[in-house]
Amino acid sequence: MSQLSSGICRRLNEAPQEEIDQLASGHTVQLLSIKKVAPTPNSTTATDRFRIIISDGVHFVQAMLATQLNDLVANGDINKNTVVIIDKLACNFVQDKRLIIILDLHVVSRDEEKIGAPTAPPATQDAPAPIVVESASSSVTATSSSTAPAKQTQPRTGPSGRGGRSVYPIEGLSPYQNNWTIKARVTQKSDIRTWSNQRGEGKLFNVTLMDESGEIRGTGFNSVVDDLYDKFEEGKVYYISKARVNLAKKKFSNLQNDYELSLEKSTEVEECLETTSVPKMKYNFVELSSLEKLEKDNTCDVIGVVKEVGPLSEITSKATNRTIPKRDLTIVDMSQYSVRLTLWGKQAEQFSADDLPVIAFKGVKVGDFGGRTLSMVSSSIMTVSPDIEEAHLLRGWYDGIGTEKNFQSHTSGSSGASFGGFNRSEMRHLSDVKESQLGMSDKADESISYPACPTQGCNKKVVDLGSGWKCEKCDKTFERPEHRYIMSMAVADWSGQAWLQGFNEAGLAVFGKTADEVHEIKERNEAEYNALMAQASGVTFNFSCRARQDTYNDQTRVRYGISRITSLDYREEAKHLVELLKSPWAQ
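These figures come from a predicted structure and were not determined experimentally.

Thresholds, definitions, all that
Residues numbered from 1 in each chain as written. Predicted model: local features only at pLDDT ≥ 70, side-chain atom pairs only at ≥ 80, totals over all residues. Heavy atoms only, no water. Helix = DSSP H or I, 4+ residues; strand = E, 2+ residues; numbered from the N terminus. Buried < 20%, exposed > 50% of the residue type's maximum accessible area, 1.4 Å probe, protein only. Pairing = 2+ DSSP bridges. Expected span 1.5 Å × (residues − 1). Arc of directions from axis to C-beta. Contact = heavy atoms within 4.5 Å. Axes fitted to C-alpha atoms, helices over the stretch in contact; angles between N-to-C directions. Parallel < 35°, antiparallel > 145°, perpendicular 65-115°, else oblique. Nonpolar A, V, L, I, M, F, W, Y, C, P; charged D, E, K, R; others polar. Phe/Tyr/Trp six-rings, centres within 6.5 Å; stacked < 30°, edge-to-face > 60°. Lys NZ or Arg CZ within 6 Å of the ring centre and 35° of its normal. Patch = residues over 30% accessible without salt bridge, like charges linked within 9 Å, V, L, I, M, F, W, Y side chains within 5 Å. Areas by Shrake-Rupley, 256 points an atom, 1.4 Å probe, with all protein chains shown as cover. Salt bridge = Lys/Arg side-chain N within 4 Å of Asp/Glu carboxyl O. pLDDT = per-residue confidence, 0-100. Polar contact = N/O pair within 3.5 Å; in protein donor to acceptor, adjacent residues only side chain to side chain.

Chemist: I'd like a description of unusual backbone geometry, backed by residues and values.
Modeler: For Asn81, which is not glycine, the phi torsion reads 75° and is therefore positive. Relative to the helices and strands, Asn81 is located in the loop between helix 2 (70–74) and strand 4 (83–94). You will see that Asn222, though not glycine, has its phi angle at about 50°, which is positive. On the secondary structure map, Asn222 appears in the loop between strand 12 (214–221) and helix 3 (223–228). Asn222 sits in the partly exposed class, given a relative accessible area of 35%.

Chemist: Could you give an account of the sheet that holds strand 26 (residues 463–464), with specific residues and numbers?
Modeler: The three strands lie next to each other as 26-27-28, forming an open sheet whose pairing is antiparallel. Looking at the sheet topology across the chains shown, the edges are occupied by strand 26 and strand 28 (476–478). As judged from the three bridges shared by strand 27 (residues 469–471) and strand 28, these two strands associate in the antiparallel manner. Each bridged residue has a counterpart across the sheet, and for Trp469 the counterpart in strand 28 is Phe478.

Chemist: Give me the lowdown on helix 5 (residues 389–400), citing residues and values where you can.
Modeler: Between its first and last C-alpha atoms helix 5 spans 16 Å; for 12 residues at 1.5 Å apiece the expected length is 16 Å, and the two agree. The complete set of buried residues in helix 5 reads Ala391, Leu394, Trp397 and Tyr398. Buried residues of helix 5, seen end-on, are gathered within an arc of 135° and therefore sit on one face of the element. Exposed positions of helix 5 whose direction lies more than 90 degrees from the buried face are Glu389, Leu393 and Asp399. Considering only its buried residues, helix 5 is in contact with strand 17 (299–309), strand 19 (323–332) and strand 21 (358–367).

Chemist: How would you explain the packing of helix 8 (residues 515–524) against helix 9 (residues 526–536) if you had to name every residue and give the values?
Modeler: It is the contact of helix 8 with helix 9, at a shortest axis distance of 5 Å, that shows an interaxial angle of 135°. It follows that helix 8 is oblique to helix 9 by the angle criterion. Taken together, the residues of helix 9 that come into contact with helix 8 (itself represented by Val518, Ile521, Lys522 and Arg524) are Glu526, Glu528, Tyr529, Leu532 and Met533. Here the contact of helix 8 with helix 9 is composed, by residue class, of five nonpolar, no polar and four charged.

Chemist: Lay out the packing of aromatic side chains with the relevant residues and their values.
Modeler: Taken as a whole and judged by the stated rule, the model has nine aromatic pairs. Between Phe205 and Phe232, the aromatic rings sit 6.3 Å apart at their centres with planes inclined by 50°, giving tilted as the arrangement. Here the residue Phe205 occupies a position in strand 11 (residues 200–211), and Phe232 occupies one in the loop between helix 3 and strand 13 (237–241), the gap between them amounting to 27 residues. Side by side, Phe205 and Phe232 carry an identical accessibility label, which is buried. The structure contains a cluster of three or more aromatic residues connected by ring pairs, namely Phe205, Tyr229, Phe232 and Tyr238. Looking at Lys189, its charged tip hangs above the ring of Tyr229, at a distance of 3.9 Å from the centre.

Chemist: Give a detailed account of a nonpolar patch on the surface, specifying residues and quantitative values.
Modeler: Taken together, Leu577, Leu580 and Trp585 make up a surface patch of nonpolar side chains, about 350 Å² in accessible area. As for its position among the elements, Leu580 is in helix 10 (residues 570–582).

Chemist: Let's hear about the confidence of the model for the protein: which residues, and what values?
Modeler: Scored by pLDDT, the protein comes out at a mean of 80, with 84% of its residues at no less than 70. Across residues 439–445 the pLDDT falls below 50, and counting only partners more than four positions away or on other chains, this stretch makes 16 contacts in the model.

Chemist: Before we move on, could you go through helix 10 and cite the residues and values that matter?
Modeler: Taking 1.5 Å of rise per residue, the 13 residues of helix 10 would be expected to cover 18 Å, and the 18 Å separating its terminal C-alpha atoms lies within 8% of that figure. Two to three positions downstream of the cap, the backbone nitrogen of Arg571 sits 3.1 Å from a side-chain oxygen, assigning the N-cap of helix 10 to Asp569.

Chemist: Residue-level account of the pairing of strand 15 (residues 259–263), with values.
Modeler: The buried fraction of strand 15 is high, at four of five residues. Sheet topology note: the strand 12/strand 15 ladder contains three bridges and is parallel. Residue pairing across strands places Thr219 opposite Ser262, the latter belonging to strand 15. Where strand 14 (residues 244–247) meets strand 15, four bridges bridge the pair, whose relative direction is antiparallel. Bridge pairing in strand 15 places Val245 opposite Leu261.

Next comes the structure, spelled out in structure tokens:
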């Protein structure tokens, strides 16, 4: 039987704020209960929170598990009666209640019976506070003896604080606290952005702040921009206080925090030179091969070697009609996959990577154009050649053997016959699609490809001038175009038939050849071309599609576009059928 740290629960329950730091680590306790906290009605994050009960064999107290430890619960590493050693904890005082947050721990043993017969620690009795009674002629100070004495406020000073205040973990902040200070590193600082609309004009900036317990976003507007923007520098650590804690607007932030900070005129920002206790950056890297498992518009962290750097180009925003610089990178990792990642604005203009660096990206957005792509957003963070273990391993692997590897992309799949992922839970029969009024059948186009601009990222149709092929967008003339697929195909399942529209990636999957190769066959030998079309007919795929309604010549119709096309994995299909036979549906 493990030996617990007898008495620690009572000390945590009674110790004043200034003594908590002395009790922050090295305690052996048993977990009596682990329960998921129900989200509040205003909660906008999907991150689970867990309340735990810790016991020292004599007493027990409640605590919260920091969200970075959620994997221990999900993986079954900790459960009821697990004995652990607390490596780090924090304690917040909110509205005269203390909240213990377990920031780090490691498991001692799992197969234990309940140790001892712990009870709740005895309630603490505060001495009655002096009450001051004022009258018009005099003031009298007396000690109250009533049944409801005025509460004394605990002093919040100690080695972890400054200016008479304690340092709170970011995860412990809430709108119900006032006198707090956080010690956090600036991991991202945006450019100053301006806006103008019917209600007026203004400017804003935001910073992402991180400590060992979590992250939070801070935003300053108008005059606050002038006061605080230059005080923040990426990578530096600051004491921050007197900001307002609000519910997070998830539309503008992908951080796993229900709250955000509103920086105000009274907000205090002071640089902290003691930075060893504040981590530089936290990543949760996803392998590039696993991107197809993520839904469109999700955010993720990735790390890769820059294999190719595209030219700087521009697009015109439909919303503002302004041109935005962009640059596409191709990154690869040890899963032997590659993906296109897009930089925007100043990052695109200033990016230079002649030495093929390793880059860590935090919070990039997942897209499904042509399979899987990634894109930087305003809250994304890009770190070139980070000093972390994953970067050193990737650098060594790429320099050693990676340069000789062939990398797959999500646009062509491992066999050249599929791209992207396939979500079986969204599978529908064609009759269901039609009965749900998602659309009607359409006519197929005779041509399966078009002459496109060969400039990377353009793909616009080019015009044959006789002496060359001109792209109106790029204002360039080329000796020959690059053909790209644009085709309609009739598909059928047991319930019916429909016409689907596919583009270049779909054509590569169906024919296993580039559109240039198929066009050349058609020009050279019509019989060989017809044989290729016949060979492609009757092959089974899994399709992920989107339905879109449009109107042409006063006729409203719905087009079905192919988002992803996947060749069959017969082992997976058989496994699905076995599971179906075991389900209530087959009983």
